[in-house]
Structures are given as structure tokens and as C-alpha cells.
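Below are the chains, spelled out letter by letter.
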Amino acid sequence: MGSSFRVHPLKSPGELIGRTHSEAVSSLIPNDEGNTLRSNDQHRMSDTITVPIGSGQRDTVNRSGAKYFYEPSMDLEDGKAEKEQDSARIQNQALVSGLAYCITSISMILVNKLVLSGYDFNAGISLMLYQNLVSVTIVSSLSLFNIISTEPLTWKLVKVWLPVNVIFIGMLITSMFSLRYMNVAMVTILKNVTNVITALGETYIFMRHHDKKVWTALCLMIISAISGGMTDLSFHAVGYSWQIANCFLTAAYSLTLRWVMDSAKQVTKSGNLNEFSMVLLNNTLSLPLGIVLMFAFQEVQYLYETPLLRMPMFWLVITLSGILGLAISFTSLWFLHQTSATTYSLVGSLNKIPLSIAGLFLFKVRTSMQNLLSILFGLLAGVCFAKAKLR
């Protein structure tokens, strides 16, 4: 239900919102810290006068008149120590940001499953609408206090973005409906079908060719999805139908987003469209259409009758789901700033393993050894695909 922006089309819907390709080494150190370091160096240089006095030494006189000997080897040792400290700090930040990204993405799926199945909440569109409203409120507040920067929503920008937003809404709704009827592990495995559809779209639309290892991994994904469905003890035709529709819509969203973003940048005031602006744009435009769909699917009457809306704990859970949806965007942005796109994609693939295991145990899913092997096979195929795709 979160710099320039690059689409990695072969990921889950939540992750698609929070992508950026700021991968330069300079981005590993925040700009204000880098400016502070530079200004300190300049200050030290302007405070000292260096006079060569002999081989390997310099006589340095500061403005107070004090004099001391300075050896270049001391500089090398200090520089080495500073580099080691910077490297350790960067590694720690990458680890923390990676854990935050994994926790938020796993928690988002599990909380949605809890709301839809645990509470037996039969209003997926209303849940999506509320989550998007929470995201709009938080992003707008952060922008109002100048914590983040967002593009103003002009009519030209809305017209350009509206087609991809319709696909985005369909992607979220079908994800909600499928998650209601299917267990988390099988949803995770069937999402691999999105990779197959996207790869075919890239081949025939963008003329992008993949090597044999990529197509082999895609074939393994299809086999695991089919075998997983055949051995699923809780098979539900409606849930599988919604998930297949979600795969097509997710692939369409990632493929359409490629050229819509270029058009959108041309109608913005800054000539750029950062990730926070996309979150605000997508979620704001989803509100009016979501309200229309609520009436079309007769969820208003259900909301009026259900006792869940009179439970404070239920409101706490669905609000948490909205916050987690937005947190995925922020943590993915943070994680990408601390690491590379390769690490980001591999972590995203590996992240499905604990998610599937948690879904099986937390919701006490009935399963069999054949189904477990199909799930494991699909998860490993996803990891192989990520490695082959990034080679």
C-alpha cells in the first residue's frame, strides 16, 4: 500500500512503487555530510601554512604561531582509518536498510492476509482505498513540512498519468481479491508468472532479448506454478483467477510505466518525477475511482452492516497496513541508496522464501510434501532468474 527513477519490471506490485536508480558511489554518503567534510578540509587548509624543511617532513605553522613537524605517513594512516570507518558505516547502513526493506515488504503481505482472511473482511476495494488514503495523508504532510519534495498535481500531469493509474488500481484490487482466497506461499509462487509475461512483453514490444539462462529460469517458474496449483490442498478457482489477472495487470503496469514516465517528466515543472511524487500521484488518483468501484461492487452496504468497523483493533490493523504500504516505498528507496541494483533484486527474490514459510505457519495452511516441494522449486527458480537477469 514507496533522485531519478528506474523500473525493475519483474517484481511485486508494492515494490514497483518504490524504485530508484541512484546507484553512484557518491550517493552512499549524504550530500550534507560530504559538504561538511569538504568544508572542514578547506578550513584546515586555510588555517595552516606549510613550509618544506626536509626530506619527508613539512614544518607547519598555524595562525596562532605554533609550529610542529608533519610527516606524510601520518596522513596516510589517518586516511586509511577514515576510509575503514566510512566502509564500516556504509556496510551497517546497507544491512539496516536491507532488513527494514525485508521486514516491511513481508509484513505488508501478512497484514493484508490477516485483514482479508483472518478477520474475514470481504471488502478488498475499501481496504485498498483506505490504505491509499493513509499514504496520501502521510506523503502530503511530509511535503507540507518540506521533509520531502513532490511535484504539484497539474491537470496535464493527471491526463498523462491516468491510463497507467487505472492499471495500477486494477493491480492492487486483484492482488487483494486473490490474497483473500489463496495462501501466501501460492500467491508468491504464482507471482512468478508476472516475470514470464513481462519478459515476453520486453521481447516483442521493446525488442529486448534475453539469454538462455533467463528463459530456462522462466520455464522453471511456469512448471513450479502449474505443479503448485495441482498439489494445492486449498485450491480455489476464484482466487487463482484473480491472481492470473493480477499477473497480467502487474506486467502491463511495469511495461506501460516505461514510456508514461518519459511523457510525465515533460509536463512537470522541474522536468523530473521522483518516487515520492509517483506515490502521491498514484494514490491520489486512485481515490475517486476507488469510491466508484466501492459502489459498483456493493461494498458500501457491506461496510454499513459489518461489525468489524466498530472494533478499534481492526482499525489499528488496517491503518498499520496503510503505513506499511508506504514504508515499502521509503525502505526500498533507502536500501537502493545504500547498495546496488543487483543486491536489491537478489534480496527481493530471497525475501520470498521467509514470506512463504511465514505464510504457511502463521495461517496454518493445509499442505502436502508435493506442494511444499513445488513451492521450494518455484522460490529457487525465482532466485536463479534474478541472477540470470542481472548477469
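Residues numbered from 1 in each chain as written. Predicted model: local features only at pLDDT ≥ 70, side-chain atom pairs only at ≥ 80, totals over all residues. Heavy atoms only, no water.

1. Focus on the confidence of the model for the chain
- Looking at the chain as a whole, the pLDDT averages 78, with 75% of positions reaching at least 70.
- Taking the mean pLDDT of every element in the chain, the minimum, 38, falls on helix H2 (residues 31–47) and the maximum, 94, on helix H4 (residues 124–144).
- Contacts from residues 1–70, a stretch scored under 50 in pLDDT, to residues over four places away or in other chains number 147 contacts. (pLDDT = per-residue confidence, 0-100. Helix = DSSP H or I, 4+ residues; strand = E, 2+ residues; numbered from the N terminus. Contact = heavy atoms within 4.5 Å.)

2. Quick word on the nonpolar core
- Among the nonpolar cores identified, the biggest contains 66 residues, and Val-115, Phe-121, Leu-127, Trp-161, Ile-173, Tyr-253 and Leu-257 are the most heavily contacted of them.
- Broken down by element, the residue count for this core peaks at 13 residues, all from helix H5 (residues 155–181).
- Dropping the residues within four chain positions of it, Trp-161 is found in contact with Leu-257, Val-260, Met-261, Ala-264, Leu-273, Met-278, Leu-281, Asn-282 and Leu-285. (Core = buried A, V, L, I, M, F, W, Y, C linked by side-chain atoms within 4.5 Å. Buried < 20%, exposed > 50% of the residue type's maximum accessible area, 1.4 Å probe, protein only.)

3. Remarks on the packing of H4 against H5
- Relative to each other, H4 and H5 sit at 125 degrees, their axes nearing to 9 Å. For the element pair H4 / H5, the angle class is oblique. When you trace H4 past H5, the crossing you get is right-handed. For the pair H4 and H5, the contacting residues are Gly-124, Ile-125, Leu-127, Met-128, Gln-131 and Asn-132 in the first and Ile-169, Leu-172, Ile-173, Met-176 and Phe-177 in the second.
- Considered class by class, the residues forming the contact of H4 with H5 number eight nonpolar, three polar and no charged. (Axes fitted to C-alpha atoms, helices over the stretch in contact; angles between N-to-C directions. Parallel < 35°, antiparallel > 145°, perpendicular 65-115°, else oblique. Left-handed = near helix turned anticlockwise from the far one by under 90°. Nonpolar A, V, L, I, M, F, W, Y, C, P; charged D, E, K, R; others polar.)

4. Structural notes on the pattern of salt bridges
- Within the structure shown, the criterion is met by two salt bridges.
- Between Asp-120 and Arg-180 there is a salt bridge whose closest N-O contact spans 3.0 Å. With Asp-120 in the loop between helix H3 (72–118) and H4 and Arg-180 in helix H5, the pair connects residues that are 60 residues apart, well separated along the chain.
- Among the ionic pairs, Glu-202 bridges to Arg-208, the shortest N-O distance being 3.6 Å.
- Assessed through its relative accessible area of 1%, Glu-202 is described here as buried.
- For Arg-208, a relative accessible area of 39% puts it in the partly exposed group. (Salt bridge = Lys/Arg side-chain N within 4 Å of Asp/Glu carboxyl O.)

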